[in-house]
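Spelled out from the first residue to the last, the chains are:
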Amino acid sequence: MVMAQAHRRRNDGEAQPASSRVRVRRLPERGRYERESIDAILDEGFVCHVGFLGPEGPVVIPTAYGRDGDRLYLHGAPANAMLQTASTGTQVCVSVTLIDGLVLARSAFHHSINYRSVVIYGIGEEVTDADEKRRALALIVEHLVPGRNADARPPTPAEVRATRVVWVPLREASAKVRTGGPIDDEEDLALPVWAGELPIVPAIGPPVAAEGVAADRRAPGYVTTYRRGGSIAPGAAPDGEAAALG
Ligand SMILES: Cc1cc2nc3c(=O)[nH]c(=O)nc-3n(C[C@H](O)[C@H](O)[C@H](O)COP(=O)(O)OP(=O)(O)OC[C@H]3O[C@@H](n4cnc5c(N)ncnc54)[C@H](O)[C@@H]3O)c2cc1C
């Protein structure tokens, strides 16, 4: 009977983790494995943190990225240690985090953060073909500012040579999402303490023209109307778990 239920859940389309190491164990109901959830977080963010084991110990480096289907593209100087590691058959771990709010509970213990995050494990592969490199570089620019490639001068062959591009497969990935208000203990609910959520949404300031830009050159539409995120993840109400952390 139990086996039949488990089988039915899988057949209902609930995505399963691709490997045991990406299974969210701490508050597993916050875990997501379907590509739509993972891609939505990756597409909204633009800074990832790449963790790898360097010669002197673990290192975590923040960097920009772009996504194309099942690939997360990273770029940088050829001597970049993170990119060198990622392109030599070594495991890396990449994470992307979006912050949606601060959660103020009645007790200090139950304070939390609303977030959407992705963790990816994989072995990177270097892009050596010049045309594919150009495409990946354009992808990263487009990921930061959609529409920008139509205006920006494309990289020269020398600039392409001076950039290392590596992609990490999105095969082994998990998302974790916390939404909703504080989850206070029953006995704290009557405390005379304000509790709730302080939503955090990204604010885009007015564009500032660079020195030398002609006074009559107006910022393009994709700059003046630039938006990023700002929506609170749908769905989950507080899940009733006692733990604040995780
Ligand atoms: C902004 C932010 C703040 C947080 N603050 C805290 C905090 O203060 N204390 C705390 O304990 N935890 C915090 N977390 C949650 C934290 O990321 C871990 O999920 C949690 O600590 C459980 O760790 P674990 O090693 O027990 O995870 P496990 O559930 O054992 O992890 C197993 C696997 O699940 C996946 N996984 C775990 N966490 C995440 C994640 N966040 N996103 C995507 N995949 C994941 C990974 O593949 C991991 O290998 C925070 C998360 C975010 C995004």
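This text goes with the structure placed above it.
Residues numbered from 1 in each chain as written. Predicted model: local features only at pLDDT ≥ 70, side-chain atom pairs only at ≥ 80, totals over all residues. Heavy atoms only, no water.

A few points about a nonpolar patch on the surface
Put simply, the test is: Patch membership needs two things, relative accessible area over 30% and no salt bridge, and members are linked within 9 Å if like-charged or within 5 Å if nonpolar (Val, Leu, Ile, Met, Phe, Trp, Tyr). All accessibility values rest on the Shrake-Rupley procedure with a 1.4 Å probe; residue burial counts only the protein chains present in the view. When a carboxyl oxygen of Asp or Glu lies within 4 Å of a side-chain nitrogen of Lys or Arg, that pair is called a salt bridge. The helix count covers DSSP runs of H or I at least four residues long, the strand count covers runs of E at least two residues long, and both are numbered beginning at the N terminus. Between buried and exposed lies partly exposed: a residue is buried under 20% and exposed over 50% of the maximum accessible area for its type, with that area taken using a 1.4 Å probe on protein chains only.
Together, Ile 99, Leu 102, Ile 113, Leu 198 and Ile 200 line one region of the surface with nonpolar side chains, adding up to about 380 Å² of accessible area. Relative to the helices and strands, Ile 200 resides in the loop between strand 11 (196-199) and helix 6 (221-224). For Ile 200, a relative accessible area of 34% translates into the label partly exposed.

What to know about the nonpolar core
Going by this rule: We call a set of buried residues a nonpolar core when its members are Ala, Val, Leu, Ile, Met, Phe, Trp, Tyr or Cys and they connect through side-chain atoms within 4.5 Å of each other. We call two residues in contact whenever any of their non-hydrogen atoms come within 4.5 Å of each other.
Among the nonpolar cores identified, the biggest contains 24 residues, and Leu 42, Leu 72, Leu 74, Val 94 and Ile 120 are the most heavily contacted of them. Looking at this core, the elements that each hand over two or more residues are helix 2 (35-44), strand 2 (47-54), strand 5 (71-76), helix 3 (81-86), strand 6 (91-104), strand 7 (112-123), strand 9 (164-169) and strand 10 (172-178). If one sorts the elements of this core by residue count, strand 6 sits on top with four residues. Excluding residues within four positions of it along the chain, Leu 74 makes contact with Cys 48, Val 50, Thr 63, Ala 64, Tyr 65, Met 82, Leu 83, Ile 140, Arg 164, Val 165, Val 166 and Val 168. Formed by eight residues, the second largest nonpolar core is a distinct cluster that contains Val 127, Leu 137, Ile 140 and Trp 167.

Observations regarding the pairing of strand 9
Definition in use: Any two strands with at least two DSSP bridges between them are considered paired.
Among the six residues in strand 9, six count as buried, and that is most of the element. Of the two faces of strand 9, both are covered, the one formed by Arg 164, Val 166 and Val 168 as well as the one formed by Val 165, Trp 167 and Pro 169. Pairing of strand 5 with strand 9 involves six bridges; the strand directions are antiparallel. Each residue of the ladder has a partner; that of Gly 76, found in strand 9, is Arg 164. Across three bridges, strand 8 (residues 125-127) lies against strand 9 in antiparallel orientation. In the sheet register, Glu 126 faces strand 9, and the bridge partner there is Val 166.

Describing the sheet that holds strand 9
Put simply, the rule is: A fitted line through C-alpha atoms serves as each axis, taken over the contacting stretch for helices, and the angle formed by two N-to-C directions is quoted from 0 to 180°.
Read across the sheet, four strands follow the order 4-5-9-8 without closing on themselves; strand pairing throughout is antiparallel. Since the sheet does not close on itself, it has two edges, and those belong to strand 4 (66-68) and strand 8, each with one partner. For this sheet, the mean angle separating the axes of adjacent strands, direction not counted, is 35°. Pairing of strand 4 with strand 5 involves three bridges; the strand directions are antiparallel. Across the sheet, residue Arg 67 finds its bridge partner in strand 5, namely Leu 72. Sheet strands in contact with helix 4 (residues 130-144) are strand 4, strand 5, strand 8 and strand 9, and its direction is about 95° off that of strand 5.

Quick look at the pairing of strand 2
Within a regular strand, side chains alternate between the sheet's two faces. With eight bridges joining them, strand 2 and strand 3 (residues 57-64) adopt antiparallel strand pairing. When the sheet's bridge partners are listed, His 49 is paired in strand 3 with Pro 62. With three bridges joining them, strand 2 and strand 6 adopt antiparallel strand pairing. Directly across from His 49, in strand 6, lies its bridge partner Ser 95.

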